[in-house]
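Notes for the structure review
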Amino acid sequence: MADGILLERAGVPAVSICTGSFLLPAQAMARAYGFGGFEFATVPHPIASLDSQQIEARARDVLPEVLRILGLES
Amino acid sequence: MPSGETTTQNDTPLADPAEIRRAMEYYADRGWTDGLPVVPVTESYLAEFLATTSRDPDEVLMPMPQLNRQCTVRLAAINAALAGCRPDYFPVVLAAWESLTREEYATRGIWQSTTGTAPLLIVNGPVRKRIGLNSQGNVFGSGFRANATIGRAIRLGAINALGLRPHQLDQATQGTPAKYTACIAENEEESPWPPLHAQFGLDPSDSAVTAMIIRSCIHIEARHTTVPEQLALDITGTISRTGALIHETISALVVLSPEHARLFSRAGWGQADLSEFIYTRAVHSRAELAAVGKDAIARQTRWRLPADHPDAVPDQAQASGTPDVVRVLNSAGAVLVVVAGANNAGVSAVIETFGPRGGPPAVVRVADPDMKQSERSGNTT
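Residues numbered from 1 in each chain as written. Chains lettered and ligands numbered in written order. Predicted model: local features only at pLDDT ≥ 70, side-chain atom pairs only at ≥ 80, totals over all residues. Heavy atoms only, no water.

Considerations on the overall build of chain A
- Along the backbone of chain A there are three helices and two strands.
- Ordering the α and β elements of chain A from the N terminus gives α-β-α-β-α.
- Its C-alpha atoms give chain A principal-axis dimensions of about 35 × 30 × 15 Å.
- By the burial criterion, 31% of the 74 residues in chain A qualify as buried. (Helix = DSSP H or I, 4+ residues; strand = E, 2+ residues; numbered from the N terminus. Buried < 20%, exposed > 50% of the residue type's maximum accessible area, 1.4 Å probe, protein only.)

Below, the structure written as structure tokens:
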């Protein structure tokens, strides 16, 4: 979350992604950086125990949301 | 009870209970507590804490730049007062913060981690007696104000100064009961060995705090043997458990009861001998690690995982001359040994400390309140 905010502030478009389990900590981190409205994408938990095909599916599923936050057409 | 110790209603201080409750609820409503009531702090009460140190109230004790927060001397004092510390405990609290900062895992972000660690403080030297720190029976338990509140002062500082509230920036999956408070004193009087701070270069007449980030505290009840190798292997088995083996290697603090320490001492063992024994015997076979999916390590994080995982690379043992013998510890220095608890049974503890370690712990001298102001600065080892 911090990396996403710092990249945006450095002028590099960025979208932070976390699992839904980290929604509240992610929002707290955004507030800690003075960017309470920072938009980010969430994917279903977990990630760490998925195999590569499941990870790719997560990435495909979240891509439209990432593009929306970036302001691009999906 | 002698008549002079009888408590009567006339001894109770004059205060409006409703006002006391209102103050307690105010702190709770603001989220400034660990869930338990705190002591209201006024400017004049805060001044009593700050008077025990010559340090600038605005001096930063622990920076936490990733959270845009820091713990200063003043914030440490406020939270020590909230925690129920007496002002004369504050030099120990200051040394604890300094030790935690030097220890580095907290400032690297471990207090935000799902791992759910807690800081453990070990206090050595004359300050233990001066402020009533317990080093004997129930040393990890309740009942002693100095132990209870000094440990709690760190937790409240983490919550209030650093913003590490659960469900927010503290993302611990389960945490540990030690997150309420974890502060012990070494039982130097009943130890056959040098105290922890003297093992690492301080004079035994110094007072010191050594902080460690811990995962858990595991109880070892071993009344069955007087053979040092058997007891040492029993302890080693607890340290070696695969559930603790998250990274390639781990570390531990062994807190021996005086009875266990003397068993080793009578056989001619020092603390370094016990550490060396544990280091050499804390091993798993490759097959044991394969059975729990921990026979390799991740390329980037060096966390253990199955050898057939796409990120897996061989561990260091795999490249050694004995690939089927995997050490749990990177050196004898990864096991520290202290003595605490009552001298009444063969009960000890293994503290699972965070990180591979092997280097010296962060031993920080407690500034002596009797010293002149000019002598108090530069109180680290």
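Back to the text.
Re the side chain of Asn187 of chain B
- Turning to its location among the elements, Asn187 of chain B is positioned in the loop between β4 (183-185) and α7 (196-199).
- Judged by relative accessible area, which is 0%, Asn187 of chain B ranks as buried.

What about the pattern of salt bridges?
All names here are of chain B.
- Under the criterion given, the structure shown has 18 salt bridges over all chains.
- For Arg55, the salt bridge goes to Glu98, with nearest N and O atoms at 2.8 Å. In this pair, Arg55 sits in the loop between α2 (43-50) and β1 (60-64) while Glu98 sits in helix α4 (residues 90-103), placing the two residues 43 residues apart along the sequence.
- Exposure remark for Arg55: the relative accessible area of 18% places this residue in the buried category.
- Where Arg108 meets Glu104, a salt bridge forms, and the shortest distance between an N and an O atom there is 3.1 Å.
- Using a relative accessible area of 38% as the deciding quantity, one classes Glu104 as partly exposed. (Salt bridge = Lys/Arg side-chain N within 4 Å of Asp/Glu carboxyl O.)

Some details on the sheet that holds strand β8 (residues 296-298) of chain B
Residue and element names in this part refer to chain B.
- Across the sheet, which stays open at both edges, the three strands sit in the order β9-β8-β10 with antiparallel pairing between neighbours. At either margin of the open sheet sits one strand with a lone partner, and together these are β9 (304-305) and β10 (312-313).
- As defined by bridge partners, β8 adjoins β9 across two bridges and the pair is classed as antiparallel. Bridged to Ala296 within β9 is Leu305. (Pairing = 2+ DSSP bridges.)

What to know about the environment of Leu46 of chain B
Residue and element names in this part refer to chain B.
- By the secondary structure assignment, Leu46 is in helix α2.
- In this structure, the C-alpha to C-alpha distance between Leu46 and Val366, residues 320 residues apart in sequence, is 20 Å.
- Leaving out residues up to four positions away in the same chain, Leu46 has contacts with Val41, Arg74, Ala77 and Ile78. (Contact = heavy atoms within 4.5 Å.)

Observations concerning the interface of chain A and chain B
- Every contact between the two is made by eight residues of chain A and, on the other side, ten residues of chain B.
- For the chain A and chain B pair, buried surface summed over both sides reaches about 740 Å², with 60% attributable to carbon and sulfur atoms.
- Here chain A is connected to chain B by zero salt bridges.
- Along the contact surface separating chain A from chain B lie two residue pairs in polar contact (both at pLDDT 80 or more).
- When the residues that make up the side of chain A that touches chain B are grouped by side-chain class, the tally is seven nonpolar, no polar and one charged. (Buried area = accessible area lost by both parts, 1.4 Å probe. Polar contact = N/O pair within 3.5 Å; in protein donor to acceptor, adjacent residues only side chain to side chain. Nonpolar A, V, L, I, M, F, W, Y, C, P; charged D, E, K, R; others polar.)

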